[in-house]
Amino acid sequence: MGIIKNIAFGLFAVLACGFQTHAAEPKTNQPITIDAQRIVWKGDLDGMIKRRIVRVLLPYNKTLYFLDKGGQQRGLMYDMMTAFEQDINKQVATKHLKVQFIFVPTSRDRLIPDLIAGKGDIIAADLTVTPERKKLIEFSTPIAKGVKEVIVTSSKGPTLNSVDDLSGHTVFVNPSTSYAESLKLLNVQFAKQKKPLIIIKDAPGTFETEDILEMVNANLVPITVTDFYLADFWKQIFPNLRIHPNLTLRTEGEIAFGFRKHSPELQKALDAFTDKNKIGSSFGNQKLQTYLKSVKWVKNATDPTELKKFHALAKVFQKYSDQYHIDWLLMTAQGYQESHLDQNKKSKVGAIGVMQIMPATGKELKVGDIQQVDNNINGGIKYIRYLVEKYYSDDSITDLNKVLFAFAAYNAGPTRVNQLRVEAGKRGLNPNVWFDNVERIAAERIGNETVQYVSNIYKYSVAYKLVLELPPKK
C-alpha cells in the first residue's frame, strides 16, 4: 500500500527511525512510497513507539474503512483508530515527532495470518472473539458486548420459526467470519440428529457483511447470518431485510480489537482506550450514527419478473459470450446493470437497448441493427472484447480483472481507467487488480459511479451463478 496522504509529512522521521527501505536518494519528481504490507516486523507497543509506526489491518467496506471522493479516509474503525492514535501521542509524542497509524486494507481471510506474520499490529475489523481465534491472537477489552448472531432473510425468503428450520436450506456467508463457524457447529448438531445439513455457501472473500445484506435486501440470496446490531443498523437503509432476533446462533458475543500474543503494553493501552470509547459510550454511539448514510444499492436482479428476462436472453448472451470468449454471466450482469435487460430502454443521450449502445458505436461495431436485441447484445459483448484486447491483454492481468477493467472503461472510458492504473502503481497498489486496488483510486478521483458500476456487475454475476446452482424444485 502506498504512503497515505495524511502521514506524508512524517516520512523522513520514520525513515530516520530505521523503518526499512531499499530506496536510494530519490530522483526529482520520483514518489517515495512505503509498502506497509511488505515490511515484516513483530513487537509490542514500545517498539511501535520507537519506530513511530502502528499498522492497522482492517477490511475495506462501507462502514469500517473507505476513501471518499476527495481521498479522505473515513469509517467507524478509521475514526476509532485515529482517536487511539491521538491518545498514544498525548502520552509519548514530542513536538514534531509523532506516532503514525498506517491503515492497511486487508481481506478478512488475511487479517489474522497477516497479523501473526508481522505485516500489521492491530486488527480493527468488528472481529468477534471466539475460542478458535483466541488460540491464535489476543483481544482487547470488548468494543461491544452481548452481541447476538441472528438469522436474516429477504422479504421473499423462506419462513423460519426456529433455528432447526435452517436444516436443508442454503445460507450465504463469508467463510472467514464467526458466522461460518456458528453454522458449522449447528451442522454438527444436525448430523447427530440425522437432519439435512445447512448448505453453507461461501461468499467471495471481498464481500463484507453489508455486501451480503445488500444482496439479501435485493432478494439475490435468501438467508444469511449477521450480528444483530449490524442487521439493525443496515435495516434503516435496506428496508427489505427480515431480521429474526429470536433465531440466534451465538449469544453474548464480544467484539474487540485483535493483536499479537505477548504484547502486554499494547494490550494495556488498547484496554484503556476501549473502556472509554466502546459502543454505548458517547464517542462510540456518535461514530455509529456518522456512518448511517444512504448509497445507490444493488437492484433486485432476481425478482421473478427480472428472472424471466434473464432466462429469455440467456441463450443470446451465451451465444455471443462463447464467440468472444467472455463469461456469459458477467456479460448478462452488465446487461442488467445497463438496462435491467430491457431492449426498449433508451437513455437521454441516445444509448439504445439492453447494452445501452450509442448508434454511432453500433455502426462501428458492424453488428447490424442494434434496435434488434440479438444485435444489441452482440455489440455490447464485442465491444467488451475489443476493450480487453486493446487495453488489457497483458498476461500479468488475470482473465477476471481484464473484464473488470473493461467494464470500468465501458463506464468511464479507457483513457481515464489507464490513468487510474498508473496512479495505483505509483502509490504501491497493484495496477493489474481492480478490487481493493485500482478501485480505491477510482473512488478518490472520479467518485462512486464507476466503482459501484463494476461492483454491481460482479454482485449480479454472483447472484446469477447462485440462481443456476439452486437445486430444482420437486
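Residue positions are given per chain, counted from 1 along the sequence in the order it is written. The predicted origin of the model limits local features to residues at a pLDDT of at least 70 and limits the giving and counting of side-chain atom pairs to 80 or more, whereas totals for whole chains, interfaces and linings rest on all residues. Side-chain measures here rest on the full set of heavy atoms in the structure, leaving out hydrogens and waters.

A short note on the environment of Pro105
Okay, step 1: Within the secondary structure, Pro105 is located in strand E4 (residues 100-105).
Okay, step 2: With relative accessibility at 10%, the residue Pro105 sits in the buried group.
Okay, step 3: Here the alpha-carbon distance between Pro105 and Leu58, two residues 47 residues apart in the chain, equals 5.1 Å. Helical segments are the DSSP runs of H or I of at least four residues, strand segments are the runs of E of at least two, and each set is numbered from the N terminus. We call a residue buried when its accessible area falls under 20% of the maximum for its residue type, exposed when it is over 50%, and partly exposed in between, using a 1.4 Å probe and counting protein chains only.

Some details on the nonpolar core
Okay, step 1: Joining through side-chain atoms within 4.5 Å is the link that ties buried Ala, Val, Leu, Ile, Met, Phe, Trp, Tyr and Cys residues into a set, and such a set is a nonpolar core. Within the largest apolar cluster, 104 residues are counted, with the highest numbers of intra-cluster contacts made by Met81, Phe84, Phe257, Phe317, Ile384 and Phe407.
Okay, step 2: The contact criterion used is simple: two residues touch if any of their non-hydrogen atoms lie within 4.5 Å. Sequence-distant contacts of Phe317, defined by excluding residues within four places in its chain, comprise Trp328, Met331, Thr332, Gly335, Leu341, Val354, Met355, Ile377 and Ile381.
Okay, step 3: Counting 16 residues, the second largest nonpolar core, distinct from the first, contains Val163, Phe190, Ile198 and Leu230.

With respect to the pairing of strand E8 (residues 170-173)
Okay, step 1: Pairs of strands are assigned from DSSP output, requiring at least two bridges between the strands. Alignment of E8 against strand E9 (residues 199-202), held across four bridges, turns out to be parallel. Bridge pairing links Val173 to Asp202 in E9.
Okay, step 2: Here is how to tell: hold the view so the strands point away, follow the path from the first strand over the helix to the second, and if it runs clockwise the crossover is right-handed. Between the parallel elements E8 and E9, the chain passes through helix H6 (residues 178-192) in a crossover that is right-handed.

Details of the packing of helix H15 (residues 399-412) against helix H16 (residues 414-426)
Okay, step 1: Two numbers describe how H15 lies on H16: the axes approach to 7 Å, and their chain directions differ by 125°. Classified by the angle their axes make, H15 and H16 are oblique. Contacts between H15 and H16 involve Phe405, Ala408, Ala409 and Ala412 from the former and Pro414, Arg416, Val417 and Arg421 from the latter.
Okay, step 2: Charged residues are taken to be Asp, Glu, Lys and Arg, nonpolar residues to be Ala, Val, Leu, Ile, Met, Phe, Trp, Tyr, Cys and Pro, and polar residues to be all remaining types, Gly included. For the contact of H15 with H16, the class distribution of residues is six nonpolar, no polar and two charged. Where helices are involved, their axes are fitted lines through C-alpha atoms of the stretch in contact, as for all axes, and angles between N-to-C directions lie from 0 to 180°. In these notes the angle categories are as follows: under 35 degrees is roughly parallel, over 145 is roughly antiparallel, 65 to 115 is roughly perpendicular, and the rest is oblique.

Points about unusual backbone geometry
Okay, step 1: In this structure, Asp126 is a non-glycine residue whose phi angle is positive, near 40°.
Okay, step 2: Among the structural elements, Asp126 can be located in strand E5 (residues 122-128).
Okay, step 3: One non-glycine residue, His262, adopts positive backbone phi at about 65°.

Some thoughts on the packing of aromatic side chains
Okay, step 1: Aromatic pairs are defined between Phe, Tyr and Trp rings, using the six-membered ring for Trp, whenever the two ring centres lie within 6.5 Å; interplanar angles under 30 degrees are classed as stacked, those over 60 as edge-to-face, and all others as tilted. Counted under the stated rule, the structure contains 13 aromatic pairs.
Okay, step 2: Centroid distance Phe207 to Tyr458: 6.0 Å. Interplanar angle 80°. Geometry classified as edge-to-face. With Phe207 in the loop between E9 and helix H7 (209-217) and Tyr458 in helix H18 (residues 448-469), the pair connects residues that are 251 residues apart, well separated along the chain.
Okay, step 3: A residue is classified by how much of its surface remains accessible, and Tyr458, at 16% relative accessible area, is buried.

Some points on the pattern of salt bridges
Okay, step 1: Only one rule defines a salt bridge in this text: a Lys or Arg side-chain nitrogen within 4 Å of an Asp or Glu carboxyl oxygen. This structure, assessed with the given rule, holds 13 salt bridges.
Okay, step 2: With a shortest N-O distance of 3.1 Å, Arg260 and Asp121 are connected by a salt bridge. Remark: Asp121 occurs in the loop between helix H4 (108-116) and E5 and Arg260 occurs in the loop between strand E11 (241-259) and helix H9 (264-277); sequence separation between them is 139 residues.
Okay, step 3: For Asp121, a relative accessible area of 1% translates into the label buried.
Okay, step 4: Via salt bridges that share partners, Glu423, Arg427, Glu444 and Arg445 belong to a single interconnected network.

Regarding H4
Okay, step 1: Buried residues of H4: Arg108, Leu111, Ile112, Asp114 and Leu115, and no others.
Okay, step 2: Of the surrounding elements, those touching the buried residues of H4 are strand E1 (53-58), E5, helix H5 (131-134) and E11.
Okay, step 3: Just downstream of H4 lies Gly118, where phi reads positive at about 90°.

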